[in-house]
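# Working through the structure, step by step
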Amino acid sequence: MKGDAPKAEKCITKFFPPFSGVDQHRLMSSRKESTSTSVAAMASTSGTLDSPVKQIQIEGLVVLKIIKHYQEEGQGSEVVQGVLLGLVVDDRLEITNCFPFPQHTEDDADFDEVQYQMEMMRSLRHVNIDHLHVGWYQSTYYGSFVSRALLDSQFSYQHAIEESVVLIYDPIKTAQGSLSLKAYRLTPKLMEICKEKDFTPEGLKKASIGFENMFEEVPIVIKNSHLISVLMWELEDKSTAADKHELLNLSSSNHLEKSLQLLMDRVDDLNQEIVKYNTYSRNLSKQQQQKHQYIQRRQQENAQRQSRGEPPLPEEDITKLFKPPQAPPRMDTLLIAGQINNYCQNVKEFTSQNLGKLFMAEALQGHN
Amino acid sequence: MSRFFATGSDSESEESLSFEEAPPKASGGNFKQSLLLSDDEEDTKRVVRSAKDKRFEELTNLIKTIRNAMKIRDMAKCLEEFEQLCRAFLKSKNIVDKEGVPSFYIRLLADLEDYLNQLWEDKEGKKKMNKNNAKALSTLRQKIRKYNRDFEAEITSYKENPQESADEEEEKEEDDSEGSSSESERDDEDGVSAKSFLKKKPEGVSEASKFLKSAKESGDESSSSDDDDDGEGWGEDTEESGSESSGDEEGKSKSLATVFLKKTAGPDRPSIKKSEKKKKIQKVRLEEEQLEGEGEEGDGPWEKVKGGVPLLKEKPKMFAKGTEINTAVVVKKLNEILQARGKKGTDRAAQIDLLHALAAISNENNLGQGILVKIKFNIIASLYDYNPNLAAFMKPDMWKKCLDCIDELLDILFENNNIFIGENIAEDSENLAVSEQQPFRVRGCILTLAERMDEEFTKIMQNTDPHSQEYVDNLKDEGRVCGIIDRLLSYMENKGSTEEICRVYLRRIMHTYYKFDYKAHRRSLGLQGETKSEQDQEESEGEDSAVIMDRLCKFIYAKDRTDRIRTCAILCHIYHHALHSRWYQARDLMLMSHLQDNIQHADPPVQILYNRTMVQLGICAFRQGMIKDAHNALLDIQSSGRAKELLGQGLLMRNMQERNAEQEKIEKRRQVPFHMHINLELLECVYLVSAMLLEIPYMAAHEFDARRRMISKQFHHQLRVGERQPLLGPPESMREHVVAASKAMKMGDWRTCHSFIINEKMNSKVWDLFPETQRVREMLVRKIQEESLRTYLFTYSSVYDSISMQTLSEMFELEIPTVHSIISKMIINEELMASLDQPTQTVVMHRTEPTSLQNMALQLAEKLGSLVENNERIFDLKQGVYGGYFNRDQKGGYQQKQSYQRDQKGSYQQKQGGYQRGGYRNQNQGGY
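Residues numbered from 1 in each chain as written. Chains lettered and ligands numbered in written order. Predicted model: local features only at pLDDT ≥ 70, side-chain atom pairs only at ≥ 80, totals over all residues. Heavy atoms only, no water.

### Observations regarding the overall build of chain A
- Helix and strand content of chain A: 13 helices and eight strands.
- Looking at chain A as a whole, 40% of its 368 residues are labelled buried.
- Split by element, the accessible area of chain A, about 21,200 Å² in all, is 55% carbon and sulfur. (Helix = DSSP H or I, 4+ residues; strand = E, 2+ residues; numbered from the N terminus. Buried < 20%, exposed > 50% of the residue type's maximum accessible area, 1.4 Å probe, protein only. Areas by Shrake-Rupley, 256 points an atom, 1.4 Å probe, with all protein chains shown as cover.)

### Things to note about the sheet that holds strand β7 (residues 215-218) of chain A
All names here are of chain A.
- Read across the open sheet, the eight strands follow the order β7-β6-β5-β4-β2-β3-β1-β8; overall the sheet is mixed. Single-partner strands in this sheet number two, and they are β7 and β8 (220-223). The mean angle between the axes of side-by-side strands here comes to 35°, regardless of whether they run parallel or antiparallel.
- Sheet contacts for helix α5 (residues 113-126): β2 (81-89), β3 (92-100) and β4 (133-139); angle to β3, the most-contacted strand, approximately 110°. (Pairing = 2+ DSSP bridges. Axes fitted to C-alpha atoms, helices over the stretch in contact; angles between N-to-C directions. Contact = heavy atoms within 4.5 Å.)

### Considerations on unusual backbone geometry
- Its identity as a non-glycine residue notwithstanding, A:D90 has a phi of 50°, on the positive side.
- Backbone geometry places B:Q841, a non-glycine residue, at a positive phi of 55°.
- In this structure, B:Q841 sits in the loop between β4 (834-837) and β5 (842-845).
- Using a relative accessible area of 27% as the deciding quantity, one classes B:Q841 as partly exposed.

### Brief notes about helix α32 (residues 627-639) of chain B
All names here are of chain B.
- For α32, built from 13 residues, the straight-helix expectation of 18 Å at 1.5 Å per residue is met to within 8% by its first-to-last C-alpha distance of 17 Å.
- Along α32, the largest kink reaches about 35° and is centred on A633.
- Among all positions of α32, only I627, A630, H631, A633, L634, I637 and Q638 are buried.
- Its buried side turned inward, α32 meets α31 (604-623), α33 (643-646), α35 (680-701), α36 (713-724) and α40 (773-796).
- With its phi angle positive at about 75°, G641 sits one or two positions after the end of α32. (Expected span 1.5 Å × (residues − 1). Bend = angle between axes of the 7 residues up to and from the residue.)

### Describing the sheet that holds strand β3 (residues 802-804) of chain B
Residue and element names in this part refer to chain B.
- What the three strands build is an open sheet, ordered β3-β5-β4; its pairing is antiparallel. Lying at the two open borders of the sheet, with one neighbouring strand each, are β3 and β4. The sheet shows a mean angle of 20° between the axes of neighbouring strands, taken without regard to direction.
- One ladder, built from four bridges, connects β4 with β5; its direction is antiparallel. Within the sheet, the bridge partner assigned to S835 lies in β5 and is V844.
- The strands touched by helix α42 (residues 816-828) are β4 and β5; relative to β4, the strand with the most contacts, the crossing angle is about 145°.

### Concerning the environment of B:M745
All names here are of chain B.
- Looking at the element boundaries, M745 is found in helix α37 (residues 734-746).
- Sequence spacing of M745 and I784 is 39 residues, and the spatial spacing of their C-alpha atoms is 8.0 Å.
- Residues in contact with M745, not counting those within four places in the same chain, are M692, L693, I696, C753, I784, E787, S788 and T791.

### A word on the pattern of salt bridges
- This model, assessed by the stated rule, comprises 39 salt bridges over all chains.
- Taking the shortest distance from any N to any O, the salt bridge between A:D332 and A:R148 comes out at 3.2 Å. Of this pair, A:D332 sits in helix α13 (residues 331-367) while A:R148 sits in helix α6 (residues 148-160), placing them 184 residues apart in sequence.
- Look at A:D332 and you get partly exposed, because its relative accessible area is 29%.
- Given the relative accessible area of 30%, A:R148 is considered partly exposed.
- The closest approach of N and O atoms between B:E772 and B:R775, which form a salt bridge, is 3.1 Å.
- With relative accessibility at 35%, the residue B:R775 sits in the partly exposed group.
- What you see here is one network of salt bridges that share partners, running through B:D404, B:D407, B:D411, B:R480 and B:R487. (Salt bridge = Lys/Arg side-chain N within 4 Å of Asp/Glu carboxyl O.)

### Side note on a nonpolar patch on the surface
Residues and elements named next belong to chain A.
- On the surface, a nonpolar cluster with roughly 370 Å² of combined accessible area is contributed by I228, L231, M232 and L235.
- Along the polypeptide, I228 turns up in helix α10 (residues 226-238).
- Note on I228: relative accessible area 38%, which makes it partly exposed. (Patch = residues over 30% accessible without salt bridge, like charges linked within 9 Å, V, L, I, M, F, W, Y side chains within 5 Å.)

What follows is the structure in structure tokens.
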């Protein structure tokens, strides 16, 4: 065991530098000076951003309900979703209740979601529960949630209800011992772009948006009533340490493999996107050249004609002659990049934790 | 006369020739009969007509054709005829000078111009016209404009006063009691001339009036004996209507009286018969004439055949009684009969009968074999002609007749050594008469006929339902076909040229190559047939098909000069080798011929043959246990998914956009008859099983390799289909069996795999189709054991520290030496990271294979590498080729890392380059 641990460490350092290298590389290549990783960036930027919500306060009930919802409905990579209810107090969003969406099955294709939500909220109002719509929640599978669907629905939420957030619940991390619940909002910049539906490279460049500043994370506070807190304290006293063993689980390969698999898929996607973009820019430059040549020829001919005393050729609409190729939408690329970033964070976090555990185990071993 | 026979003038001359030859020896007794048939009599009489008549006649004829062409909008024809008309008009210049421009000519010019202008305006119609016509239209329009300038005055006057000419016409029409427009241009007719009457007949006319007319006229004419006009009428008849099949039976009418009776009886007959009636009238007339001058009628019977070919069939007898039947006469007759060939309305069945009759006559009269051979040739040819459509197949009974004929012909040829036949013998250098010194010389090619017969056989087979008794019956005739080809072959070997021999050899080969030689097979198995009946033994006396193939093919290789025959022969030879499991010969021949390189330039039937050969080769390799060769040979055919089509064994369902009806017909004609088919299920099974034996160990070995290539796409496709199945029942189809077996093999479970591949279902579906079933099955079991062992080692080596070969040999029921050799091979090929421990007979694993996580990381690294490259390309585009210093730096560093990792993996070959490159870059960096 003593020999094993350093070997494992070596192993990891041996195999993982490519990630950081590539990561770095990409950062540099996209000329972004930011070296800080995204979570930190998000956390730090969220404070400065002019956002109506600076903090989220969640009732313990909501958390339990979400967890229970996933436990009961979601299996494997399936995703569960639901509606958050609550209210805004100053710059703080309080989420006091939630209800789940039913799982989609094939035989109720004509299920009316809006109708269901309205019904649900009306019923809740009848029993005097908070019924203001303040966002939605979704479970995630190994941290993969940055998708077009999420973007679209969060956009429509934020468009309709300004303060709405999306809560991402990671059941796998939670199962490993630490509750993982994160609240995200779209940044105002991204909102702008989504409003204009301008996903061309130029549009994104103008908005100076990168994958790092698409979403902002809002800090979460879980708040329970005092009575519950008291109960918790009492329960904690009674519980034994054995219940927390999963925190110390040393196995890593399964989780890492899954993450890597997902990461690879994303990288493949990104690769495709890049190839697409590459073709586009090649086509563009080719056309530019042609255009240039055409103009030059035109000028030469005109010059000749002038020297011969003939009238110059009529002006033609060059843009009509050379239609610029359709630029591939870049939003998907951004999302994929964001997702990759997310995976990397996950892997990083996980490996650092696990390394710590391994060292701890080694130390323990040595001590014994 | 010749004017009307402008198209067939040579027949004319022949006819007159026969005249002189024919002996004027006809008795009065048979006269009547022959008389009925003879209506060309008048040809002999020449009547001087005025030059004017003649010229104008010519013009009117041309004009008529032009009008007809106008009616059907055939501009090209119009143009052609118009040019002729101009020339004819020029010829008749001096007459025109005398008489003035005939008004009918002017009428045409005016009408034609109007018509053209009208067409020209009609843009829509012009678009629809085909290119030729459109071109002709514009040329004609220009021409007529220019031409009409000369006649401006006349045309204007005509246009001003079209009434006048119309009146004239009416007059004429009254006379003729016909309203057809075609006559309108005939101005030169003098009253109710017989000529005009005859002319008009072919067009739609009311029957009754015509009859009256004709009756009257016939009376007139018989006295005036205006034979020339009659002749013209006839000429026109034959030219225009070709034949008048329906009215033939009337030719039998014996006397004037009956003729008239018939006519009156059926006044409402369809107009086609009109011409027939006309003829009858003429016949009546002729009768009268001939009664007067009997001297000539002896030759009559021959001529009449020419004029109205279809009449022949009613003839009970070919020749007038008493006619001396000699070679020349028969040849003459033959020619006459043949002249009707290909003409519309000729009754082909009747023609065949006639030819048979002729053959019988010539036989009776002992005219010698030469003429018989010639007639036979023609009979066969007309049998082939019987079907007008090339795509349609002959009726089996017709074909059998043909078969008989060819057989007889061959009999004659074998019996008579002094007959020379050949395509190159010119018609006039033929020698058909019996003479002592000179051999017969007959034009015709027996080989072509036999080839055609063979093709017809194929067509018949293609068009028969392969699952019917009929097919079996038809197939029985194949023996006869082979027999004929064999006889032809021995005949050709003596007489034919090298090329002909090659051709007939190829025919023979084509009938041999696909048949499995059971006799030879049995013999090679050690003469188990000893106890068999005598007949069997007799059968097995015959030459081995392999020997025959060898002899024939080698002759063709040596002598053939057309590439196609040689190619076919090679392919058939390979096929035959492969069919009889002579793998190495087949393979060597295939490789030596270099056919793979240029087969795509061959025509589709040869390509189909090539595909068949490749498939047979693959199946042969499989039987021999050369799994890889089998897979490679079958890959092309199977991966396309169109095996059926490629082998010419059926058409794939495709939408009509991809091929129209025409193409479909062509493709249908290429199909291979059912009895030559290669079993597609067998083919697919062989392919899938070989793919399984190759792919499963490969998959196990390269489980984590990101750039793993599929060996067989089709096999993977089948696997995926199997995976998609929501509920896995026991396998039903052959494919499911293979998929299930593959799954078992993936786990190294050879027993299950074996039971899936070889069981009763699969035996009946596939394996029993092989000639050496048992041997193939044994081979297969062995292969399954070996490959399962390999798969097992690949898959589970990471679980073992060491494994005893004894255990392995027990697990897979293989002998220890085999296990030893397999493992050694794997170690040498660096597929298995292990070493053999000799004293303990164990395999010690080195455990250098990366774990799955490490593999994953490697894959990711590779993917990221390509990502970086792609990214760099964008940079190159944006900033020129030198995309910034740091890029290169990183790339170099990255690649170094990569190559390092690869080294670890233990496969050096391809990765070395990467390593060197990394090093190179590193050195370069120092220089920056």
